[in-house]
Amino acid sequence: MRHLFYIEQNYAFAILRPLQEAIWQLGHEIKWFLVGDELNRIYLNKNEEELSNVMEVMSWKPDVVFAPGNWIPTFFPGFKVALFHGFNVSKATRTDDKGHFNIRGCFDLYCAQGPNTTTEFIKTAAKHKNFTVRETGWPPLDTMFMKKTPVVTFRNQSRGDTSHLINVTEQAALETAIEFGLQHPPQIMQSIDNFIAETHPYSDGSSSERVINAVLSQIQSKQKLKRKPLNLIRNFKSLLKLI
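About the cut-offs
Residues numbered from 1 in each chain as written. Predicted model: local features only at pLDDT ≥ 70, side-chain atom pairs only at ≥ 80, totals over all residues. Heavy atoms only, no water. Disulfide = S-S within 2.5 Å. Phe/Tyr/Trp six-rings, centres within 6.5 Å; stacked < 30°, edge-to-face > 60°. Helix = DSSP H or I, 4+ residues; strand = E, 2+ residues; numbered from the N terminus. Pairing = 2+ DSSP bridges. Axes fitted to C-alpha atoms, helices over the stretch in contact; angles between N-to-C directions. Contact = heavy atoms within 4.5 Å. Buried < 20%, exposed > 50% of the residue type's maximum accessible area, 1.4 Å probe, protein only. Right-handed = clockwise from strand over helix to strand, strands pointing away. Core = buried A, V, L, I, M, F, W, Y, C linked by side-chain atoms within 4.5 Å.

### Comments concerning the state of the cysteines
So, step 1. Under the defined criterion, the tally for this structure stands at zero disulfides.
So, step 2. Unpaired in this structure, Cys106 has its nearest cysteine sulfur neighbour in Cys111, at a distance of 14 Å.

Written as structure tokens, this is what we have:
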């Protein structure tokens, strides 16, 4: 099976490499397609192969295309999978449909990180009926662990429950807040546990394997999805950027 990694930013290397290792373990092929001026090709390792233009992508005919973002050219061959470039921070200055839950009609599968993203995407999938959702965890955390450490924020603007954070609004209060956090107060620690359970409950280092299993399962199911929007203007602009 052939897998294509579509990236536009340097941070995508760290997101996709744990997944790359899991795919290699299966003996599958992987190639990278790097787009734009906001990434550096020197970050490609010697054992990572790049397709240099659209024609090479079309000729190689990937079976699966992964992108750590909210857009991918829909004219590329293959089953298209969305991985996220980060977690949903619910900024007060941005609505969900313009941020983490922005649906542009180009993915077949969204691999959600935890319940608080899975639930919302399932609701959206039921509305659009042209993609599916699986909760897998996030591959970059496979080689890390969720540190249960209090975090002090300054004038935090996140929406929703922020009880796991110690937020201050005045600079003079920072030292006191840090000292308070270092005591690991039980109510804060419990809120951190709750936050982790909702955001990314997996600590087994197997998120990449769950992503692969979700992709293979969905492809094998041959589930019929509603036709996606043509996105003619966006695809045309994308093509101009790619050539």
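### As for the packing of aromatic side chains
So, step 1. A full pass over the atoms with the stated rule returns 13 aromatic pairs.
So, step 2. An angle of 70° between the planes, with centres 6.0 Å apart, marks the rings of Phe13 and Tyr43 as edge-to-face. A residue pair is termed long-range when its members are at least 10 positions apart, and Phe13 in helix 1 (residues 11-25) and Tyr43 in the loop between strand 2 (29-34) and helix 2 (54-60) qualify at 30 residues.
So, step 3. Joined through ring pairs, the aromatic side chains of Phe5, Phe13, Trp32, Tyr43 and Phe66 make up one cluster.

### Side note on the sheet that holds strand 1 (residues 2-7)
So, step 1. Read from one edge to the other, the open sheet built from six strands follows the order 2-1-3-4-5-6, with strand pairing classed as parallel. On the outer flanks of this sheet lie strand 2 and strand 6 (132-135), each paired with one strand and no other. Each neighbouring strand pair of the sheet contributes to a mean axis angle of 25°, computed without reference to strand direction.
So, step 2. Relative to strand 2, strand 1 is paired through six bridges, and the arrangement is parallel. In the strand pairing of strand 2, Ile7 is matched with Leu34.

### Some details on the environment of Lys226
So, step 1. Within the secondary structure, Lys226 sits in the loop between helix 6 (207-221) and helix 7 (232-242).
So, step 2. A sequence separation of 95 residues divides Lys226 from Phe131, and the C-alpha atoms of the two residues are 7.9 Å apart.
So, step 3. Setting aside anything within four residues of it in sequence, one finds Lys226 in contact with His128, Lys129 and Asn130.

### Focus: the pairing of strand 5 (residues 109-112)
So, step 1. Residues Leu109 and Cys111 of strand 5 are buried on one face, and the alternating residues Tyr110 and Ala112, pointing to the opposite face, are buried as well.
So, step 2. Across two bridges, strand 4 (residues 79-83) lies against strand 5 in parallel orientation. For Val81, the partnering residue across the bridge sits in strand 5 and is Leu109.
So, step 3. Note that strand 5 and strand 6 share four bridges and pair parallel. Its bridge partner being in strand 6, Cys111 is matched across the sheet by Arg134.
So, step 4. Read from strand 5 through helix 3 (residues 115-128) to strand 6, the crossover connection turns out right-handed.

### Considering the nonpolar core
Nonpolar side chains in soluble globular proteins generally cluster together in the buried interior.
So, step 1. Judged by nonpolar contacts, the single largest core of 28 residues is most densely connected at Leu4, Tyr6, Phe33, Phe76 and Tyr110.
So, step 2. Discounting chain neighbours no more than four positions away, the residues touching Leu4 are Lys31, Trp32, Phe33, Leu51, Val57, Trp60, Pro62, Val64, Val65, Phe66 and Phe76.
So, step 3. Residues Leu16, Ile23, Leu109 and Ile212 belong to the second largest nonpolar core, which totals 24 residues.

### Observations concerning unusual backbone geometry
So, step 1. Look at Lys129: it is not a glycine, yet its phi comes out positive at around 60°.
So, step 2. Turning to its location among the elements, Lys129 is positioned in the loop between helix 3 and strand 6.

### Description of the environment of Ser163
So, step 1. By secondary structure assignment, the location of Ser163 is in the loop between strand 7 (151-154) and strand 8 (165-168).
So, step 2. A relative accessible area of 34% means that Ser163 is categorised as partly exposed.
So, step 3. Distance from Ser163 to Leu34, taken between C-alpha atoms, is 39 Å for residues 129 residues apart in sequence.
So, step 4. The residues contacting Ser163, other than those within four sequence positions of it, are Ile188 and Ser191.

### Details of the pairing of strand 3 (residues 64-68)
Along a regular strand, successive side chains alternate from one face of the sheet to the other.
So, step 1. Strand 3 sits mainly inside the fold: five of its five residues count as buried.
So, step 2. The two faces of strand 3 match: Val64, Phe66 and Pro68 on one face and Val65 and Ala67 on the other face are all buried.
So, step 3. As paired strands, strand 1 and strand 3 are joined by three bridges and run parallel to one another. Looking across to strand 3, one finds that His3 is bridged to Val64.
So, step 4. One ladder, built from five bridges, connects strand 3 with strand 4; its direction is parallel. Looking across to strand 4, one finds that Pro68 is bridged to Leu83.

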